[in-house]
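Given next are the chains, with one letter for each unit.
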Amino acid sequence: MPDIIALAPAPPEADWRAALRDLVTSADTLLDYLQLQPEQVGWSPQAASDFPLRVPRDFMRRMVIGDPADPLLLQVLAGRQELLASSGFGPDPIGETGTANPQPGIIHKYHGRLLLLVTGSCAIHCRYCFRRHFPYSDNQNSRSEWPAALQYIAADDSISEVIFSGGDPLVASDRQLAELVGQLAAIPHVTRLRIHTRLPVIIPQRVTDSLLEALTDSRLATVMVVHSNHANEIDEEVAAAFGRIRKTGMVLLNQSVLLAGINDNAAVLAALSERLFLAGALPYYLHLLDKVAGAAHFDVDESRAKALHREISTVLPGYLLPKLVREIAGAPAKVPV
Ligand SMILES: *Cc1c(COP(=O)(O)O)cnc(C)c1O
Ligand code: SF4
């Protein structure tokens, strides 16, 4: 692991706050920077009004100027294809509302672990996001709702792992996170804390000393799962953030979504696994796309997905091979493909 990188000092608190205030939300800013015309990329104001453009400046700077098919650009671009209705693609593809959402802020589908929706907002809007239509307004995740969520967890002693999710849980302040971690650690049957987040990849300045202390200053065993889909997302600053996370002893994993036009290519997937490992993270899952309305153009069919997975299994060491899975509403776990 890159120890030399890990020794770089952590960024000050102010940096990530500034980055979060300075998100790119206008097509003009994005396309001017990339020197592209709206029609070259199929920009759709209507798609952007359904689910607004949102991308951190730092992430934008990792895109290749002049390339309308840049794999980072395609993850955030509101395009015309999103408006096409596709059969089988709906607002809640993986069954997160209803019985899986027993009360605001909790998604409990699998044995022994559940999601705690720490906040409804994200620092980036990924066009393929399966929660792009999630009723966040019914799941405000305000601190006033945490006591009820914590009571739910305390009342069910089969729950050994709590997963901070969202939105992006690391949009919350260190103080709020520390408070939640402390309250979870006070529930005897909770032994593991997991954080699902994209922030260390998109705004690596978020990984401050104070954040890491908030997450690890308890008896809970802690694992972080970041979310990256392409090796171009992982520059030296991101690698340095991973290094800081690893220095705490936290396990660091990555999950990706298989996305047509972005990473549905064996060389691209293999490069991602190798880059992740050099930066300090192990590949965990490669998800088939959840069939959410507006994202049909990212879909890779199952037989191609399997062929790609077989192909990368012949060039990667076993520990760099992510599990190919899909989410099926009502299934007791993610389903291996
Ligand atoms: C993905 C997910 C988990 C975690 O599943 P693992 O297979 O343990 O990574 C837990 N709860 C919900 C609702 C999920 O969607
Ligand atoms: S960071 Fe995750 S939750 Fe947020 S928009 Fe992207 S995929 Fe969705």
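By convention here, each chain's residues receive numbers from 1 onward along its written sequence. Here the convention is simple: chains get letters from A, ligands get numbers from 1, in the order in which they are written. Totals for whole chains, interfaces and linings use all residues, but because this is a predicted model, local features are given only for residues with pLDDT of at least 70 and pairs of side-chain atoms are given and counted only at 80 or more. Here the side-chain values reflect all heavy atoms present in the structure, with hydrogen atoms and water set aside.

A. Examining the UniProt feature "modified residue: N6-(pyridoxal phosphate)lysine" (unreviewed entry) in the chain more closely. UniProt positions are given in the numbering used here, feature names are shortened, and annotations may be inferred rather than shown by experiment. The UniProt record annotates "modified residue: N6-(pyridoxal phosphate)lysine" (unreviewed entry) at Lys334. When you line up the elements, Lys334 lands in the loop between β8 (323-326) and β9 (335-336). Residue exposure (1.4 Å probe, protein chains only): buried if accessible area is under 20% of the type maximum, exposed if over 50%, otherwise partly exposed. Taking relative accessible area as the criterion, Lys334 reaches 24% and is therefore assigned partly exposed. Residue contacts follow a heavy-atom distance rule, with two residues in contact if any of their heavy atoms lie within 4.5 Å. Apart from the residues lying within four places of it in its own chain, the contact partners of Lys334 are Tyr110, Tyr285, His287, Val325, Arg326 and Glu327. Under this definition, polar contacts are N or O atom pairs within 3.5 Å; protein pairs additionally need one hydrogen-donor-capable and one acceptor-capable atom, and for neighbouring residues in sequence, both atoms have to be side-chain atoms. One polar contact links Lys334 to Glu327, side chain to side chain, over a distance of 2.9 Å. Note on conventions: DSSP H or I runs of at least 4 residues are helices, E runs of at least 2 residues are strands, and numbering of each starts at the N terminus.

B. Broad picture of the pattern of salt bridges. The salt bridge criterion pairs a side-chain nitrogen of Lys or Arg with a carboxyl oxygen of Asp or Glu, the two atoms within 4 Å. For the coordinates displayed, the defined rule picks out 15 salt bridges. Taking the shortest distance from any N to any O, the salt bridge between Lys109 and Glu327 comes out at 3.0 Å. Residue Lys109 is located in strand β1 (residues 106-110), and its partner Glu327 is located in the loop between β8 and β9; the two are separated by 218 residues in the primary sequence. Residue classification places Glu327 among the buried residues on the basis of a relative accessible area of 12%. Linked by salt bridges that have partners in common, Asp58, Arg62 and Asp235 make up one network.

C. Structural context of the packing of helix α8 (residues 146-155) against helix α9 (residues 174-185). Following both chains from N to C, one finds α8 and α9 inclined at 30°, their axes separated by 11 Å at the closest point. By the criterion of interaxial angle, the relationship of α8 to α9 is roughly parallel. Crossing geometry of α8 relative to α9 is assigned as right-handed. Contacts between α8 and α9 involve Trp146, Leu150 and Ile153 on the former and, on the latter, Gln176, Leu180, Gln183 and Leu184. Under the scheme applied here, ten amino acids are nonpolar (Ala, Val, Leu, Ile, Met, Phe, Trp, Tyr, Cys and Pro), four are charged (Asp, Glu, Lys and Arg), and all others, including Gly, are polar. For the contact of α8 with α9, a count of residues per class yields five nonpolar, two polar and no charged. Lines fitted to C-alpha atoms define the axes, with helix axes restricted to the stretch in contact, and inter-axis angles between N-to-C directions lie between 0 and 180 degrees. Between 65 and 115 degrees an angle is taken as roughly perpendicular, under 35 as roughly parallel, over 145 as roughly antiparallel, and anywhere else as oblique. Throughout, a crossing is termed right-handed when the near helix is turned clockwise from the far one, and left-handed when it is turned anticlockwise from it by less than a right angle.

D. Structural detail: empty space enclosed by the protein. Site definitions follow a grid-based scheme: protein atoms alone, a 1 Å grid, a 1.4 Å probe that fits but cannot get out for cavities, and for pockets an open set with protein on both sides within 12 Å along at least five of seven lines, plus lining residues having an atom within 4 Å of a point. Grid points are joined across faces, edges and corners, and a volume is the space filled by probe spheres set on the points. Scanning the entire structure with this criterion turns up two cavities of 30 Å³ or more. Approximately 60 Å³ is the volume attributed to the largest cavity. If you go around the largest cavity, the residues you meet are Asn254, Ser256, Leu269, Leu272, Ser273, Leu276, Pro283, Tyr285, Leu286, Ile312 and Pro322. Mapped by element, the contributors of at least two residues to the lining of the largest cavity are β6 (251-257), α13 (266-279) and β7 (282-287). With four residues, the single largest contributor to the lining of the largest cavity is α13. Taken together, the residues that form the lining of the largest cavity break down as eight nonpolar, three polar and no charged.

E. Representation of the layout of surface pockets in the model. Considered as a void within the structure, the largest pocket measures approximately 990 Å³ in volume. What lines the largest pocket is a set of 48 residues, and nearest its centre among them are Phe130, Arg131, Ser165, His196 and Gln255. Those elements that place two or more of their residues in the lining of the largest pocket are β1, β2 (113-117), β3 (161-165), β4 (192-197), β5 (221-227), β6 and β7. Residue contributions to the lining of the largest pocket peak at four residues, all from β1. Split by residue class, the lining of the largest pocket holds 24 nonpolar, 13 polar and eleven charged.

F. Main features of the site of ligand 2. Around ligand 2 sit Cys122, Ile124, Cys126, Cys129, Gly167, Arg198 and His227, and those are all the residues in its vicinity. Pocket or cavity membership: a molecule qualifies when more than half of its atoms sit within 2 Å of the grid points of that site. With respect to the detected pockets, ligand 2 is housed in the largest pocket. The residue inventory of the shell around ligand 2, partitioned by class, reads four nonpolar, two polar and one charged. When at least one non-hydrogen atom of a residue lies within 4 Å of a molecule or strand, that residue is treated as near it.

G. Inspection of the packing of aromatic side chains at higher detail. Pairing of aromatic rings covers Phe, Tyr and Trp, the last counted by its six-membered ring, and requires centre-to-centre distances within 6.5 Å; plane angles under 30 degrees mean stacked, over 60 mean edge-to-face, and any other angle means tilted. Summed over the entire model, instances satisfying the criterion amount to three aromatic pairs. An angle of 25° between the planes, with centres 4.0 Å apart, marks the rings of Tyr284 and Tyr285 as stacked. In this pair, the class of Tyr284 matches that of Tyr285, namely buried. A positively charged side chain is recorded as over a ring if its NZ (Lys) or CZ (Arg) lies within 6 Å of the ring centre. The angle to the ring normal must also be within 35 degrees. Looking at Arg206, its charged tip hangs above the ring of Trp16, at a distance of 3.7 Å from the centre.

H. Representation of helix α11 (residues 209-216) in the model. Listed in full, the buried residues belonging to α11 are Leu211, Leu212, Ala214 and Leu215. Projection of α11 onto a plane perpendicular to its axis shows the buried side chains occupying an angular sector of 160°, all on one side. Of the exposed residues in α11, those oriented more than 90 degrees away from the buried face are Asp209 and Glu213. Check the buried side of α11 and you find it contacts α9, β4, β5 and α12 (236-247). To obtain the arc, one takes the directions from the helix axis to the C-beta atoms.

I. Up close: α8. Residues of α8 that are buried: Trp146, Ala149, Leu150 and Ile153. When α8 is viewed along its axis, its buried side chains cluster within an angular range of 95° and face the same direction. The exposed residues of α8 that point more than 90 degrees off its buried face are Gln151 and Ala155. The elements touched by buried residues of α8 are β1, β2, β3 and α9.

J. Fine view of unusual backbone geometry. Here the amide bond leading from Gly166 into Gly167 is cis, since omega sits at 15°, within 30 degrees of zero. Not every positive phi belongs to a glycine, and Gln35 is a case in point at roughly 55°. The exposed category is assigned to Gln35, whose relative accessible area is 60%.

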